[in-house]
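Now for the letters of each chain:
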Amino acid sequence: MTILDDVSYRSNPDPPTVLIGANGSGENHVVCARRWGLIPVSRGRITLGRTGGFRRRRGVRYLLQRPVMLRRSAAGNVHYALGAAGVPRAEHDPRTANLLALVGLEGLQRRPARQLSGGEQQRLALARALARDPAVLFLDEPTASLDPYATKAIEDVVRAVTGRVGSRS
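Help me understand the nonpolar core in this model?
Across soluble globular proteins, nonpolar side chains show a tendency to be buried alongside one another. Core analysis: the biggest nonpolar cluster contains 23 residues, and Val 78, Leu 99, Leu 100, Leu 105, Leu 124 and Ala 131 have the highest contact counts within it. For this core, the elements supplying multiple residues, two or more each, are helix H2 (74–84), helix H3 (92–102), helix H4 (118–131) and helix H5 (148–167). Top element by residues in this core is H4. It accounts for six residues. With residues near it in sequence (within four places) discarded, Leu 100 still touches Ala 75, Val 78, Leu 105, Glu 106, Gln 109 and Leu 124.

The structure is reproduced here in structure tokens:
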């Protein structure tokens, strides 16, 4: 069974590029197959950025449709991501506060992440991904199964982040 055949696409890093397709049409395979070894690339190559690969300084983050929440508070989830990114501990609290505010979760920093609503968990997962200041962020159906309010909240965060990225150039 052929999943994808003869796909070719080029994009500049700024402004952000969006790859959208119908459910199950293979967008994730196009961009992520090689990175996570989901399927072998039979011919050609998958590259990202000027360095010719996924291992850029700020890296690539991937937000799953159903993110896994660590058994920590909302702030603890972001602290974990900051620590994994090598951010000095002295910067964790202010950066966590900024990221939680960006995704609309200020005031929920002490709540256990697994007790957040689905939309809140998705926004927390987005904050975790942004904690690593990625060069590229792939979103796998980030609003699937969310109510209209939660969907709008995610879309607003994505707009804010893309506006911030676009203003860096």
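Now that the structure has been shown, the text picks up again.
Sorry if this is basic, but what is going on with the packing of H2 against H4 here?
Helices that pack against each other are described as a pair by the angle of their axes relative to one another and the distance between those axes. Between H2 and H4, the shortest axis-to-axis distance is 8 Å and the interhelical angle comes to 25 degrees. The angle between the axes of H2 and H4 places the two elements in the roughly parallel class. The way H2 lies across H4 gives a crossing that is right-handed. Here Ala 74, Asn 77, Val 78, Ala 81 and Leu 82 of H2 lie close against H4, whose contacting residues are Leu 124, Ala 127, Arg 128 and Ala 131. Looking at the contact of H2 with H4 residue by residue, the classes come out as seven nonpolar, one polar and one charged.

Mind showing me how you'd approach the pattern of salt bridges here?
Should their charged atoms come close, side chains of opposite charge can pair. According to the stated counting rule, one finds three salt bridges in the structure shown. Residue Arg 95 pairs with Glu 91 through a salt bridge whose shortest N-O separation is 4.0 Å. As a salt-bridge pair, Arg 159 and Asp 156 come within 3.1 Å of each other at their nearest N and O atoms. Taken together, the residues span about one helical turn, with Arg 159 and Asp 156 both in helix H5 at a distance of three residues. Given the relative accessible area of 31%, Asp 156 is considered partly exposed. Each of Lys 152, Asp 156 and Arg 159 takes part in one network of salt bridges that share partners.

Hey, could you run me through unusual backbone geometry in this one?
With the exception of glycine, the majority of residues adopt a negative phi angle, and the majority of peptide bonds are in the trans configuration. If you check the backbone angles, Ser 145 has positive phi at about 65 degrees while not being a glycine. Inspection of the secondary structure assignment puts Ser 145 in the loop between strand E2 (136–139) and H5.

What's the story with H4 in this structure? I'm lost.
Helical geometry note: an α-helix holds 3.6 residues per turn, so side chains three or four residues apart project in the same direction. If you check H4, its first and last C-alpha atoms are 20 Å apart, about what 14 residues at 1.5 Å a residue would give, namely 20 Å. Just downstream of H4 lies Asp 133, where phi reads positive at about 45 degrees.

Would you explain H3 in this entry?
All of the buried residues along H3 are His 92, Thr 96, Leu 99 and Leu 100. For H3, the buried positions fall inside an angular range of 95 degrees around the axis, keeping them on one side. Along its buried surface, H3 packs onto H2 and H4. Positive phi appears at Gly 104, one or two residues downstream of H3, with a value of about 75 degrees.

Where do I start with the environment of Leu 146 in this structure?
Relative to the helices and strands, Leu 146 is located in the loop between E2 and H5. We classify Leu 146 as buried; its relative accessible area is 18%. Sequence separation between Leu 146 and Glu 120 is 26 residues, and the spatial gap between their C-alpha atoms is 9.8 Å. If near-sequence neighbours (up to four positions away) are discounted, Leu 146 is found in contact with Gly 118, Gly 119, Gln 122, Thr 151 and Ile 154.

Scoring rules and cut-offs
Residues numbered from 1 in each chain as written. Predicted model: local features only at pLDDT ≥ 70, side-chain atom pairs only at ≥ 80, totals over all residues. Heavy atoms only, no water. Core = buried A, V, L, I, M, F, W, Y, C linked by side-chain atoms within 4.5 Å. Buried < 20%, exposed > 50% of the residue type's maximum accessible area, 1.4 Å probe, protein only. Helix = DSSP H or I, 4+ residues; strand = E, 2+ residues; numbered from the N terminus. Contact = heavy atoms within 4.5 Å. Axes fitted to C-alpha atoms, helices over the stretch in contact; angles between N-to-C directions. Parallel < 35°, antiparallel > 145°, perpendicular 65-115°, else oblique. Left-handed = near helix turned anticlockwise from the far one by under 90°. Nonpolar A, V, L, I, M, F, W, Y, C, P; charged D, E, K, R; others polar. Salt bridge = Lys/Arg side-chain N within 4 Å of Asp/Glu carboxyl O. Expected span 1.5 Å × (residues − 1). Arc of directions from axis to C-beta.

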